[in-house]
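# Working through the structure, step by step
The chain contents come next:
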Amino acid sequence: MQTETKQKVMDCSHFINGEYVQSSNAKTFENVNPATETVLGNIAIGGKQEVDQAVSAARKALNGEWKNMPLKERSNIIRKIGDLILERKDELAELESLDTGKPLWLSQKVDIDRAANNFYFFADYMTTVGTEAYEQDDLAIHYAKRRPVGVVGLINPWNLPLFLMTWKLAPALAAGNTAVMKPSEVTPMTATVLGEICKEAGVPDGVVNMVHGFGETGAALSSHEDVDAIAFTGETITGTEIMKAAAPTLKKLSFELGGKNPNIIFADADIEDAIETTVRSSFINQGEVCLCGSRIYVERPMYDEFLDRFAEKTKALVVGDPFDADTKVGALVSEEHYRKVLGYLDIAKEEGGTFLTGGKAAEGFDKGFFVEPTIITGLGKDSRCVREEIFGPVVTVIPFDTEEEVLEQVNDTHYGLSASVWTSNVKRATGFSGKIEAGIVWVNTWFLRDLRTPFGGMKRSGLGREGGSHSFDFYSELTNITLKM
Ligand code: NAD
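All chains use their own residue numbering, which begins from 1 and follows the written sequence. Where local features are concerned, this predicted model is filtered to residues with pLDDT of at least 70; where side-chain atom pairs are given and counted, the filter is 80 or more; whole-chain, interface and lining totals use all residues. The side-chain quantities take in all heavy atoms of the structure and omit both hydrogens and water.

The chain is annotated in an unreviewed UniProt entry as Aminomuconate-semialdehyde/2-hydroxymuconate-6-semialdehyde dehydrogenase from Lacicoccus alkaliphilus DSM 16010.

Written as structure tokens, this is what we have:
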């Protein structure tokens, strides 16, 4: 298990107006390493007072130097944030793995690299953005003037802490806003370092702020009179709370919420590729990725072979210390979440499911929240394990006979985030995929992203889209100006 030297301790303070500060009442709580259950440090708990201070710093900064900074200069600062993230890649990856329990190689390859890339992408993108203009006969010219929305609140979850925070912060800054970030209380460390990085990159004081704390801190931000927009990633139920809190002030809202994503594997698919990728889409990051495919539907002629080979590869996944290079599945993020996932395994048993692999806490660990990668068969479409988001290393597999039958099951959900379709039939690849009620459909692949494309969910998986122009439009306001000719 992790050596003592890996038990890095870091206290997490708020970052307000360019300074790290404690709460006025000095209240903190402990940040626990989910792989060892040791305390990593104390996290400040922000209340209304700290949220007020952060929002007021952001408001002041909005109308200061940031507003009048030439585009190229702002773009260079945003690019520099990306550079500094990469310069501190090893440190940030280590903090991310200590906080989340995910394998170190994954933090390096996905979380930190992609966090830097978010800044590089929007630093470029912002220099190319235009607006609309219309000539109306010889009466008038209409053109749209773009401006920032104002002070934006960015509320984030624990599964990809730095990556998801920067996915919001980068476009918010690129469009000229100032921000108050609220990282997850479960994984506060890399966001805390981000404050220092922004300052070093030349972001003026007050432009980027951060308040730590629980849901109440996020709620104070969502209902704040002087916050103009909230971009939130997290659970669907939290999204509904934020919507209520934001309603009286009619804030702009962007929501990336939960999912229960289907993988549909037709018998004509490349089975090698389908299995390889399905192992990844099921268990990467301990299954704690909103895009993980947790409902797997396999066409009957391929069902038995798929199950045998999928189970064989799943059993070979090493569950272990996040800092061990061989580890493929680390610890779940917290004891609370671990109990929730184990609770679903009990439900699966009660519902008559069969565990093809896993089905229990991983053995051989005195401490930490490790669960074996679990494949469940024999559950029907009404099973809670098939319908509810478990957000752990747990998938269900169900056979199907016809396209119509599987499509009905695939769409029979309140969620609509993503799906993967596996087939070598081009007609089906386009026709069937187009009928799936999800914001993102991958065909013969998974998690292949291009930051220009619309990202987000439909139904109760989200509101609006992020990515390229979609992010930029969310963080902008347009004024139409009409010039009479
Ligand atoms: P969560 O909703 O419990 O918490 C997310 C954030 O919201 C945290 O910072 C939390 O403190 C804050 N919060 C909690 N209550 C609040 C309230 N009433 N008002 C304002 N803020 C509040 O989510 P989680 O457990 O941290 O993350 C897991 C969830 O995130 C899963 O449902 C997963 O699918 C979803 N997720 C979605 C995407 C996506 O892109 N669609 C990406 C990652 C995670």
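Further remarks concern the site of the ligand. Every one of the 31 residues lining the ligand counts as a neighbour, but Asn-156, Glu-185, Thr-238, Leu-257 and Glu-389 are closest to it. Note that an oxygen atom of the ligand is positioned 2.9 Å from one of the side-chain N or O atoms of Trp-158. Counting of polar contacts relies on pairs of N or O atoms within 3.5 Å, with two restrictions inside protein: one atom must be capable of donating a hydrogen and the other of accepting it, and residues adjacent in sequence are counted only when both atoms are side-chain atoms. A distance of 2.5 Å is found between an oxygen atom of the ligand and a side-chain nitrogen or oxygen belonging to Glu-389. Of all the elements, helix 8 (residues 215–222) adds the most residues to the shell around the ligand, at 4 residues. Summary of the distance rule: residues count as near a molecule or strand when at least one heavy atom falls within 4 Å of that molecule or strand. Each helix is a run of DSSP H or I of at least 4 residues and each strand a run of E of at least 2, with the numbering of both proceeding from the N terminus.

UniProt positions are given in the numbering used here, feature names are shortened, and annotations may be inferred rather than shown by experiment. Per the UniProt entry, the sites bearing "domain: Aldehyde dehydrogenase" (unreviewed entry) are residues 21–480 in this numbering. Summarising residues 21–480: 42% helix, 20% strand, and an end-to-end C-alpha distance of 41 Å.

With that settled, consider the packing of aromatic side chains. Aromatic pairs are defined between Phe, Tyr and Trp rings, using the six-membered ring for Trp, whenever the two ring centres lie within 6.5 Å; interplanar angles under 30 degrees are classed as stacked, those over 60 as edge-to-face, and all others as tilted. In this structure the tally under the stated criterion is 19 aromatic pairs. With 6.3 Å between their ring centres and 20 degrees between their planes, Phe-283 and Phe-310 make a pair best called stacked. Placement of Phe-283 in helix 10 (residues 271–283) and of Phe-310 in helix 11 (residues 300–315) is noted, with a sequence separation of 27 residues between them. We call a residue buried when its accessible area falls under 20% of the maximum for its residue type, exposed when it is over 50%, and partly exposed in between, using a 1.4 Å probe and counting protein chains only. Relative accessible area serves as the criterion here: at 0%, Phe-310 is assigned to the buried category. Geometrically, the ring pair formed by Phe-365 and Phe-370 is stacked, given 3.8 Å between the ring centres and 15 degrees between the ring planes. The rings of Phe-121, Phe-122, Tyr-125, Trp-167, Phe-455 and Phe-472 are connected pair by pair, giving a single aromatic cluster.

On to helix 10, then. The span you would expect from a helix comes to 1.5 Å times its residue count less one. If you check helix 10, its first and last C-alpha atoms are 18 Å apart, about what 13 residues at 1.5 Å a residue would give, namely 18 Å. Listed in full, the buried residues belonging to helix 10 are Ile-271, Ala-274, Ile-275, Thr-277, Thr-278, Val-279, Ser-281, Ser-282 and Phe-283. In this structure Asp-270 caps helix 10, since a side-chain oxygen of it lies 3.1 Å from the backbone nitrogen of Glu-272. Downstream of helix 10 by a residue or two, Asn-285 has a phi angle that is positive, lying close to 55 degrees.

The next point concerns the environment of Arg-79. In this fold, Arg-79 is placed in helix 3 (residues 71–87). Residues Arg-79 and Phe-122, 43 residues apart in the sequence, show an inter-C-alpha distance of 8.3 Å. The contact rule is simple, with two residues in contact once any of their heavy atoms fall within 4.5 Å. Sequence-distant contacts of Arg-79, that is, excluding residues within four places in its chain, are made with Tyr-120, Ala-123 and Asp-124.

For two strands to be treated as a pair, DSSP must find no fewer than two bridges joining them. Spatially, 7 strands are ordered 14-15-16-13-12-17-18 in an open sheet, and the strand pairing comes out mixed. The open sheet has two free edges, formed respectively by strand 14 (354–357) and strand 18 (440–443), since each of these has just one partner strand. Adjacent strand axes in the sheet meet at a mean angle of 25 degrees, parallel and antiparallel pairs treated alike. By the bridge criterion, 5 bridges tie strand 12 (residues 261–265) to strand 13 (residues 293–299) in an arrangement that is parallel. Only the stretch in contact is used when fitting a helix axis, every axis being a line fitted to C-alpha atoms; angles between N-to-C directions are given from 0 to 180 degrees.

This part takes up the sheet that holds strand 6 (residues 140–148). Strand order in the open sheet formed by 3 strands is 5-6-20, with antiparallel pairing between adjacent strands. Across the chains shown, the open sheet's two edge strands, defined by having one partner strand only, are strand 5 (133–136) and strand 20 (476–484). For this sheet, the mean angle separating the axes of adjacent strands, direction not counted, is 20 degrees. One ladder, built from 9 bridges, connects strand 6 with strand 20; its direction is antiparallel. Paired with Ala-140 across the two strands is Lys-484, which belongs to strand 20.

For the rest of this paragraph, the subject is the side chain of Gln-409. Summarising the element assignment, Gln-409 is placed in helix 14 (residues 403–411). Beyond its immediate stretch of four places on either side in the chain, Gln-409 contacts Arg-295, Tyr-297, Lys-381 and Ile-398.

Before going further, it helps to spend a moment on the state of the cysteines. Note on terminology: pairs of cysteine sulfur atoms within 2.5 Å are recorded as disulfides. Counted according to the given criterion, the structure contains 0 disulfides. Cys-292 takes part in no disulfide bond, and the closest cysteine sulfur, belonging to Cys-290, lies 8.2 Å away. A residue is classified by how much of its surface remains accessible, and Cys-292, at 7% relative accessible area, is buried. Looking at the unpaired Cys-385, the closest cysteine sulfur is the one in Cys-292, lying at 16 Å. Classification of Cys-385 as buried rests on a relative accessible area of 1%.

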